[in-house]
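Architecture at a glance
The lines below spell out each chain.
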Amino acid sequence: MLAGMARLSQLSRSVAGRVVLITGAASGMGRATAHLFADEGARVAVTDLDQTKVDSVVAEIKGVGGEAAGWTLDVVDPGRIHEVVGLVQSTLGDIDILVNNAGIAIGASYEQPDNEYEPQWQRAMDVMLTSHQRLARACLAQLRRNGEGRIVNIASTEGLGASRGTGPYVAAKHGVIGLTRSMAVELGALGVTTNCICPGPILTGLTEGIPEAAREKFARRRVPLRRYGSPEEVAQITLSLALPASSYLNGVVIPVDGGMTIQNT
Ligand code: NAI
């Protein structure tokens with residue numbers, strides 16, 4: 001009977017008290033994501049390659065009253081993944097949210113000889129695709145325990161189309177979208193949602209090497225908003241996907257690109 005029903009259910013728009021593990025969290029979008037979740041009251045596991053950089057993000061978060069702990073984690077190391085997932089659980093509590101964010105720039109042309117091309121291909125797959133499933137599977141027992149587990153995979157607009165000279169990166173990012181859909185289909189039944197963000201051009205460690213004039217020209221021509229995005233603008237969407245209230249969103253691929261991928265001319 002409609003009249004007797006609550007006007008709305010009580011789906012929460014807060015991640016306060018939730019435990020989030022973020023890879024590649026010492027720089028760029030990962031760091032912004034760590035800060036944003038901490039500001040929202042989450043308990044943040046900051047992981048990245050370099051201990052000093054990890055420690056400094058943890059210190060920044062704690063400096064403004066947030067809750068965080070940090071570990072070195074090279075996502076290509078399966079043993080370390082299991083170790084860190086266990087350490088996060090014993091230090092911060094069961095993991096509720098996994099953000100697969102770590103990534104690297106890869107330049108490679110199909111005309112390169114095998115000994116140059118193959119290592120780039122392997123590296124792209126290891127860091128940006130294989131690691132995602134390993135992290136997800138290692139966290140799964142924790143993610144599924146309360147029916148509100150969340151996985152957010154960071155792909156790229158290179159997962160939707162392709163730029164020249166970066167085939168392994170493009171293939172890995174397209175793979176992340178396939179992986180997202182496959183996880184969404186299979187893990188949904190376990191109470192874990194999996195969604196994917198495709199950032200466009202964002203000002204981070206990955207893109208700071210591009211000369212400013214080239215960045216501006218690109219943004220003017222290609223991005224309706226006519227600028228690069230900030231790491232925070234991506235982190236905000238990651239947060240939205242991780243909310244308890246986003247409970248019926250599963251398997252989607254969201255470009256966060258200022259409209260780049262829908263602009264024809
Ligand atoms: P960033 O370079 O600022 O941060 C990436 C972080 O990942 C670094 O701290 C790095 O140490 C870490 N990392 C690299 N290899 C790792 C490994 N093996 N294990 C653990 N951590 C590792 O770059 P950004 O831009 O913040 O990148 C984050 C994600 O966003 C990446 O997956 C990247 O491919 C993706 N992306 C970036 C775009 C951009 O324009 N900046 C556009 C689209 C996607």
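The structure reproduced in this document is the subject of the present report. Everything numeric here is computed off the predicted structure, so don't read it as measured data.

1. A few points about the environment of Arg43
Position of Arg43 among the secondary structure elements: in strand E2 (residues 43–48). Along the chain, Arg43 and Gly66 lie 23 residues apart, while their C-alpha atoms are 7.8 Å from each other. Once residues lying within four places of it in the same chain are set aside, the contact partners of Arg43 are Gly17, Arg18, Val19, Val20, Glu67, Thr91 and Leu92. Within the local environment of Arg43, its side chain forms a polar contact with the backbone oxygen of Leu92, the two atoms lying 2.8 Å apart.

2. Considerations on the packing of aromatic side chains
Inspection of the entire model under this criterion finds one aromatic pair. Look at Tyr110 and Tyr117: their rings are 5.4 Å apart centre to centre, the planes differ by 35 degrees, and that puts the pair in the tilted class. The ring of Tyr228 carries Arg215 above its face, with NZ or CZ at 5.9 Å from the centroid.

3. What to know about the packing of helix H1 (residues 28–39) against helix H7 (residues 231–242)
If you want to describe how two helices pack, look at the angle between their axes and the distance between the axes. Contact pair H1 / H7: the axes reach a minimum separation of 8 Å and the direction vectors enclose 55 degrees. Here H7 runs oblique to H1, going by the angle between their axes. Seen from above, H1 lies across H7 with right-handed handedness. Every residue of H7 that contacts H1 at Gly28, Met29, Ala32, Thr33, Leu36 and Phe37 is listed here: Pro231, Glu232, Val234, Ala235, Gln236, Thr238, Leu239 and Ala242.

4. Things to note about the sheet that holds E2
Strand order in the open sheet formed by seven strands is E3-E2-E1-E4-E5-E6-E7, with parallel pairing between adjacent strands. Taken across any chain shown, the strands that pair with only one partner, and hence form the sheet edges, are strand E3 (67–72) and strand E7 (253–256). Neighbour to neighbour, the strand axes of the sheet diverge by 20 degrees on average, direction disregarded. Across three bridges, the pairing between strand E1 (residues 19–22) and strand E4 (residues 97–100) is parallel. Paired with Ile22 across the bridge in E4 is Val99.

5. What about the pattern of salt bridges?
Throughout the structure, instances matching the rule amount to seven salt bridges. Between Arg145 and Asp94 there is a salt bridge, with its nearest N and O atoms 3.2 Å apart. Highlighted residues: Arg145 in the loop between helix H4 (114–143) and strand E5 (149–154) and Asp94 in the loop between helix H3 (78–92) and E4, separated in sequence by 51 residues. With a relative accessible area of 26%, Asp94 lands in the partly exposed category. Residues participating in the shared-partner salt-bridge network are Asp94, Asp96 and Arg145.

6. Quick look at the layout of surface pockets
Its boundaries defined by the atoms lining it, the largest pocket holds a volume of some 1,300 Å³. Along the walls of the largest pocket sit 50 residues, with Ile104, Ala105, Tyr169, Leu206 and Thr207 positioned nearest its centre. Looking at the lining of the largest pocket, the elements that each hand over two or more residues are H1, H4, helix H5 (167–187) and helix H6 (212–222). For the lining of the largest pocket, the class distribution of residues is 25 nonpolar, 16 polar and nine charged.

7. Things to note about the site of the ligand
For the ligand, the set of nearby residues contains 27 residues, the closest of which are Ser27, Asp48, Asn101, Tyr169 and Thr204. The side chain of Asp74 places a nitrogen or oxygen atom 2.9 Å from a nitrogen atom of the ligand. Taking Ile202, its main chain carries an N or O atom lying 2.9 Å from an oxygen atom of the ligand. For the ligand, the protein covers 92% of the area, taking 820 Å² as the surface of the free molecule. Judged by its atoms lying within 2 Å of the grid points, the ligand is housed in the largest pocket. Residue composition of the shell around the ligand, by class: 13 nonpolar, ten polar and four charged.

8. Re the nonpolar core
With 41 residues, the main nonpolar core has Leu21, Val88, Ile95 and Ile151 as its most contacted residues. Discounting chain neighbours no more than four positions away, the residues touching Leu21 are Ala45, Thr47, Val85, Val88, Ile95, Ile97, Leu98, Val99, Leu135 and Cys139. Of all hydrophobic cores here, the second largest spans 31 residues; its members include Ile22, Val54, Val57 and Leu243.

Here is what the cut-offs are and how they apply
- Residues numbered from 1 in each chain as written.
- Predicted model: local features only at pLDDT ≥ 70, side-chain atom pairs only at ≥ 80, totals over all residues.
- Heavy atoms only, no water.
- Helix = DSSP H or I, 4+ residues; strand = E, 2+ residues; numbered from the N terminus.
- Contact = heavy atoms within 4.5 Å.
- Polar contact = N/O pair within 3.5 Å; in protein donor to acceptor, adjacent residues only side chain to side chain.
- Phe/Tyr/Trp six-rings, centres within 6.5 Å; stacked < 30°, edge-to-face > 60°.
- Lys NZ or Arg CZ within 6 Å of the ring centre and 35° of its normal.
- Axes fitted to C-alpha atoms, helices over the stretch in contact; angles between N-to-C directions.
- Parallel < 35°, antiparallel > 145°, perpendicular 65-115°, else oblique.
- Left-handed = near helix turned anticlockwise from the far one by under 90°.
- Pairing = 2+ DSSP bridges.
- Salt bridge = Lys/Arg side-chain N within 4 Å of Asp/Glu carboxyl O.
- Buried < 20%, exposed > 50% of the residue type's maximum accessible area, 1.4 Å probe, protein only.
- 1 Å grid on protein atoms, 1.4 Å probe; cavity = no way out; pocket = protein on both sides within 12 Å on 5 of 7 lines; lining within 4 Å.
- Points joined across faces, edges and corners; volume = space filled by probe spheres on them.
- Nonpolar A, V, L, I, M, F, W, Y, C, P; charged D, E, K, R; others polar.
- Near = heavy atom within 4 Å.
- Areas by Shrake-Rupley, 256 points an atom, 1.4 Å probe, with all protein chains shown as cover.
- Sits in = over half its atoms within 2 Å of the grid points.
- Core = buried A, V, L, I, M, F, W, Y, C linked by side-chain atoms within 4.5 Å.

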